[in-house]
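Fold and contact review
Here's the letter readout for the chains.
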Amino acid sequence: MKRSLVGVVVFTFTASLGFAQESTSSGVGSSRQIAKYLSNPVSEVISIPVQFNYDENIGIDDQGSKWTTNIQPVVPIPMGRQWSVISRTILPVINQKDIAPGSGQQSGTGDLLQSFFFSYNPKGPSTSDIIWGVGPAISAPTASDELLGSEKWGAGPTFVVLQQLDQMTYGLLANRIWSFAGDEDRETVDVTFAQPFFAYITPDAWTYALNFETTYDGESEEWSVPINFNVSKVLNFNQVPIQLGAGLRYWIDTPETGPEDLGYRATVTFLLPQVR
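What you see is a predicted model; the values in this text were computed from it and never measured.

**Regarding the pattern of salt bridges**
Overall, the coordinates contain 5 salt bridges when judged by the stated rule. Close ionic contact of Glu-151 with Arg-186 constitutes a salt bridge, the shortest N to O distance being 3.1 Å. Here Glu-151 is found in the loop between strand 7 (130-140) and strand 8 (152-164), whereas its partner Arg-186 is found in the loop between strand 9 (168-182) and strand 10 (190-201), with 35 residues between them in sequence. Accessibility expressed as a relative area gives 26% for Arg-186, which makes it partly exposed. Residues Asp-190 and Arg-176 are paired through a salt bridge, measuring 3.0 Å at the closest nitrogen-oxygen approach. On the criterion of sequence distance, the pair formed by Asp-190 in strand 10 and Arg-176 in strand 9 is long-range, its members being 14 residues apart.

And the structure:
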């Protein structure tokens, strides 16, 4: 798995150096403009980010490993010039091994998280005004194995607030999920997620991004806090814009059985050529 991820990382930068173009004919704008759209969680473009994550040293004996592929389509629904409803979906596909003594290996889907943001974005990414969105988040028990999910239905509020300047984007994305139905024998879900994020975009469409994907479990009172650093590049393959990225994360705090030290990430974002 680690070799596969390294291969994705090498491909990302090889492709970036060999095939990058500074403009597209997609109707969205230049590569730099596309990078700016994609650094906004509630932007006005349809995108399908696919995120590959690898972590190891998991479990009491640190022998476990986990590969998580997050499929995360983002679909804006225009509600006028300044308002949109943004649908953000996260479906994890997981392959994990030895995360607990005697657990063996599991592969399949995890729990789906569906968010809807009623979003205010007055002029698009060229403005320095505050962009924000608020709405509901729903967690569905779509895990194909009991060790890959909570087997609970959950719901709660979510919000995002950010500002985009000429080359910088910074803000906060957060949600809180409480379980309300599902397997009564499984633990109650009470999870708070907060992601401060920062991105710097160069004139030639390189994006340097930093974020903290902070999770607090209200039942166990435990924290999971990785700091992620990612480098990505908007490319134009046959007039189709794609963003490729790769990076590392360092676990600042985890539960006793959580991952330790470094994790690895690669991303591919497909962009549909539609802007309201």
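On we go from here.
**Section: the environment of Val-189**
For Val-189, the location among the structural elements is in the loop between strand 9 and strand 10. With relative accessibility at 18%, the residue Val-189 sits in the buried group. Along the backbone, Val-189 and Asp-217 are 28 residues apart, and their C-alpha atoms lie at a distance of 7.9 Å. Beyond its immediate stretch of four places on either side in the chain, Val-189 contacts Ser-150, Lys-152, Ile-177, Trp-178 and Ser-179.

**Focus on the nonpolar core**
For soluble globular proteins, the rule of thumb is that nonpolar side chains tend to be buried together. Counting 9 residues, the largest nonpolar core consists of Val-42, Val-74, Ile-86, Phe-117, Ile-131, Val-160, Leu-162, Leu-173 and Phe-197. Beyond its immediate chain neighbours, meaning those up to four positions away, Val-42 contacts Ile-86, Phe-117, Ser-119, Asn-121, Ile-131, Val-160 and Leu-162. Counting residues in each nonpolar core, the second largest holds 8 residues, with Ile-34, Tyr-37, Ala-205 and Leu-271 among its members.

Here is what the cut-offs are and how they apply
- Residues numbered from 1 in each chain as written.
- Predicted model: local features only at pLDDT ≥ 70, side-chain atom pairs only at ≥ 80, totals over all residues.
- Heavy atoms only, no water.
- Salt bridge = Lys/Arg side-chain N within 4 Å of Asp/Glu carboxyl O.
- Helix = DSSP H or I, 4+ residues; strand = E, 2+ residues; numbered from the N terminus.
- Buried < 20%, exposed > 50% of the residue type's maximum accessible area, 1.4 Å probe, protein only.
- Contact = heavy atoms within 4.5 Å.
- Core = buried A, V, L, I, M, F, W, Y, C linked by side-chain atoms within 4.5 Å.

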